[in-house]
Amino acid sequence: MASTSRIAQLARSRLVTSRPTVLRRVQQHTFQRRAYADATSKPATSAPLKPKRGAFRSLLKWSWRLTYLSAVGGLAYVGYGVYEMRNPPEQMEPDASKKTLVILGTGWGSVSLLKKLDTEHYNVIVVSPRNYFLFTPLLPSCTTGTIEHRSIMEPVRNFLRHKKTAVKFYEAECTKIDYEKKVVYIHDDSEIKGDVAATEVPFDMLVVGVGAENATFGIPGVREHGLFLKEVGDAQNIRRRIMDCCETATFKDQHPDEIKRLLHMVVVGGGPTGVEFAGELQDFFENDLRKWIPEIADNFHVTLVEALPNVLPMFSKQLIEYTEKTFSEEKITIRTKTMVKNVSDKYIEAESAGPDGKKRLEQIPYGLLVWATGNAVRPVVKDLMGQIPAQKDSRRGLAVNEFLVVKGTENIWAVGDCAVANYAPTAQVASQEGAFLARLFNQMGKSDVIEQELQKLSDEQEKAPTKEARDAVFHQIKENQKRLRRVKQMGPFEYSHQGSLAYIGSEKAVADISWLTGNLATGGTLTYFFWRSAYLSMCFSTRNRILVIMDWVKAKMFGRDVSRE
């Protein structure tokens, strides 16, 4: 018992002596925690505040959200546009009692007119040998397979079907215009003909937009041996001819001189069409033909022939020099001040000035000859000019006044290359002329409606039973007369030049653009991207734009097709 009590006493004494130590330790720990809390709660005055990383991350997050929403919105807009294009609404039938407006052609001028024309005011009839609109600025790209020809074709029925009032379309060639009888004679040139191959279409108003044909300047052999670049068929023929020349040049036991002739590609014409085709052809060789047909690498050569002192005469001097320098780097030969006198199946005879200044005639062998020089009047236009005395002095086409009315007539208008309006025969001019005529015809249609209303109101005023009724009708007559004066206030046609563009090969382009009060002349790779974006925005429809982009991507990824169709 004594030992047990002794142990208990010792335990109690240890507990008593250790209790102050534990209390001290707890107090010390509590003090340290409070000191740490006070230290962290006080703002640091010595060091500056650092920017939060979360602000930059938040900016990136909102930028991504805006980009995502913009992409979704753009896709939704394109999708709705495609759906709307694919599902046209019901159309009203044309009113035979209204004036018949006949439009010849589906080129730049005619299509620009049709796009903005309010068809409710007229009985509209379109006549053309092709049932599509062709985006001609990209036609040189079709010759080498950079773009497929279907991508720059827009069927006219795709947009005619969306007009409020139905428009009749006849795929036929206009063979004659009888001004006195107000009749257009048309002929079906398709391979499959029905019971009626030729007929006539009467008109009250006529728009001539048949364009022009290729000018040969009376040089023998051009039509028989040269290839043109104006229609889809021309681009297809050139594409086949290029591959024919390359494959024939690699044929077994072919003579070296014949190989050089076959691989010499000659382009006559130093305007935008000739320059762009020469650039596209050289790109085709450098990027594709050289790889897949290496045998032709030493003999393939492109020559550009121009009768004027320089190429691209509508551009500024610095851009002309830049183009000639770029062609020299691409090993494209430019022969300026050289006039073609005769064309045979294997060579052209050209006249140029020698080193001594004397003119000399030389033979230039070729495998491919592309003729891209100027326009000539079509026979149907020439026949119409012969019917109108006021057109006797006109040589390049139908002379028109400031409202594009054919001089010597009252109900015939002309647009595009077949009209002479003191402007260059370009797609830009034709497009603006067509848009002007659409506004003019829309206003004329509105004025006819207002005049009919005025006639009805005049009859109502005579039959009005009271003075108050007559005053009310008179007030309506005054309002309609004000509307009529506003509608008829339209000035003459004024062309607004937006600039000139041309592709010169090696992913370079030149641009002479109207900018504020002057011109902006630029050339190079950045201009090439501008050239692409500008032409893409000018394409007729969303469908064309998507197809052209897909063709560009396909050519960049897989190269151009070197197979012969």
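For every chain, the first residue of its written sequence is number 1, and the numbers climb from 1 along that sequence. Predicted model: local features are reported for residues with pLDDT of at least 70 only, side-chain atom pairs are reported and counted for 80 or more only, and whole-chain, interface and lining totals are derived from all residues. Hydrogens and waters are ignored; side-chain quantities use all the structure's heavy atoms.

Caption draft 1: Fine view of the sheet that holds strand β23 (residues 499-505). Taken in spatial order, the three strands line up as β23-β24-β25 in an open sheet, and their pairing is antiparallel. Strand pairing shows two members of the sheet lacking a second neighbour, β23 and β25 (518-524), which therefore form its edges. Sheet twist, expressed as the average angle between the axes of neighbouring strands with direction ignored, equals 10 degrees. Summarising the sheet, strand β24 (residues 508-515) and β25 pair through seven bridges and their orientation is antiparallel. When the sheet's bridge partners are listed, A511 is paired in β25 with T522. Here, two residues are considered to be in contact whenever any of their heavy atoms come within 4.5 Å of each other. Interaxial angle, 0 to 180 degrees, is taken between N-to-C directions of lines fitted to C-alpha atoms, where a helix line uses only the stretch in contact. In this description a helix means any DSSP run of H or I spanning at least four residues, a strand means any run of E spanning at least two, and both kinds are numbered starting from the N terminus. Contacting β23, β24 and β25, helix α10 (residues 317-329) runs over the sheet at an angle of about 175 degrees to β24. Relative to the sheet, helix α14 (residues 525-538) contacts β23, β24 and β25, its axis offset from that of β24 by approximately 70 degrees. Think of it this way: DSSP has to see at least two bridges between two strands before they count as a pair.

Caption draft 2: Representation of the pairing of strand β17 (residues 359-365). Here seven bridges tie strand β16 (residues 347-353) to β17, and the two strands are oriented antiparallel to one another. From the neighbouring strand, E349 faces β17, where its bridge partner is Q363. Counting the residues in the hairpin turn of β16 and β17 gives five residues, including G357, whose phi is positive at 90 degrees.

Caption draft 3: Here's a closer look at the sheet that holds strand β9 (residues 205-208). If you trace the five strands from one edge of the open sheet to the other, you get β5-β2-β1-β9-β21, paired in parallel fashion. Both edges of this open sheet fall to β5 (168-171) and β21 (412-414), since each of them pairs with a single strand only. Within the sheet, the average angular offset between the axes of one strand and its neighbour, ignoring direction, is 15 degrees. The strands touched by helix α3 (residues 108-116) are β1 (100-104), β2 (123-128) and β9; relative to β1, the strand with the most contacts, the crossing angle is about 145 degrees.

Caption draft 4: How the structure looks around the pattern of salt bridges. A pairing counts as a salt bridge when a side-chain nitrogen of Lys or Arg comes within 4 Å of a carboxyl oxygen of Asp or Glu. In the structure shown here, the tally under the stated rule is 15 salt bridges. The residue R543 makes a salt bridge to E154 at a minimum N-O spacing of 3.0 Å. Of this pair, R543 sits in helix α15 (residues 542-558) while E154 sits in strand β4 (residues 153-155), placing them 389 residues apart in sequence. Where K556 meets E507, a salt bridge forms, and the shortest distance between an N and an O atom there is 2.9 Å.

Caption draft 5: α10, seen in detail. The span one expects for a helix is its residue count, reduced by one, times 1.5 Å. For α10, with 13 residues, the first-to-last C-alpha span of 19 Å sits near the 18 Å given by 1.5 Å per residue. All of the buried residues along α10 are L319, I320, T323, T326 and F327. Within α10, the buried residues cover an arc of 130 degrees as seen down the axis, which keeps them to one side. Among the exposed residues of α10, those oriented more than 90 degrees off its buried face are K317, Q318, K325, S328 and E329. Of the surrounding elements, those touching the buried residues of α10 are α9 (272-292), β13 (301-305), β14 (333-335), β23, β24 and β25. Accessible area is worked out with a 1.4 Å probe on protein chains only. A residue is then buried under 20% of its type maximum, exposed over 50%, and partly exposed in between. The directions considered for the arc are those from the helix axis to the C-beta atoms.

Caption draft 6: Focus on the packing of aromatic side chains. Only centres within 6.5 Å qualify two rings of Phe, Tyr or Trp (six-membered ring in Trp) as a pair; their planes then separate them into stacked at under 30 degrees, edge-to-face at over 60, and tilted for everything else. As enumerated under the stated definition, the model contains 18 aromatic pairs in all. Judged by centre distance (5.6 Å) and plane angle (50 degrees), the rings of W108 and F135 are tilted. With W108 in helix α3 and F135 in the loop between β3 (132-134) and α4 (139-142), this residue pair connects regions lying 27 residues apart in the sequence. The class of W108 is buried, set by a relative accessible area of 16%.

Caption draft 7: Structural context of the side chain of R130. With respect to the element layout, R130 can be found in the loop between β2 and β3. Contacts described as polar in this section are N or O atom pairs within 3.5 Å, which, within protein, must combine one atom able to donate a hydrogen with one able to accept it, while residues neighboring in sequence count only if both atoms come from side chains. Polar contacts involving the side chain of R130 include one to the side chain of E231, which spans 2.6 Å. In this view, R130 contacts T106, G107, F169, E171 and E231; residues no more than four positions away in its chain are not counted.

Caption draft 8: Layout of the nonpolar core. Counting residues in hydrophobic clusters, the biggest one holds 121 residues, and the most contacted among them are V208, L289, F300, L437 and F441. It is helix α7 (residues 232-249) that contributes the most residues to this core, eight residues altogether. Contact partners of L289, with chain neighbours within four places excluded, come to I242, M243, C246, F284, P294, I296, F300 and V562. In this text, buried Ala, Val, Leu, Ile, Met, Phe, Trp, Tyr and Cys residues form a nonpolar core when linked through side-chain atoms within 4.5 Å.

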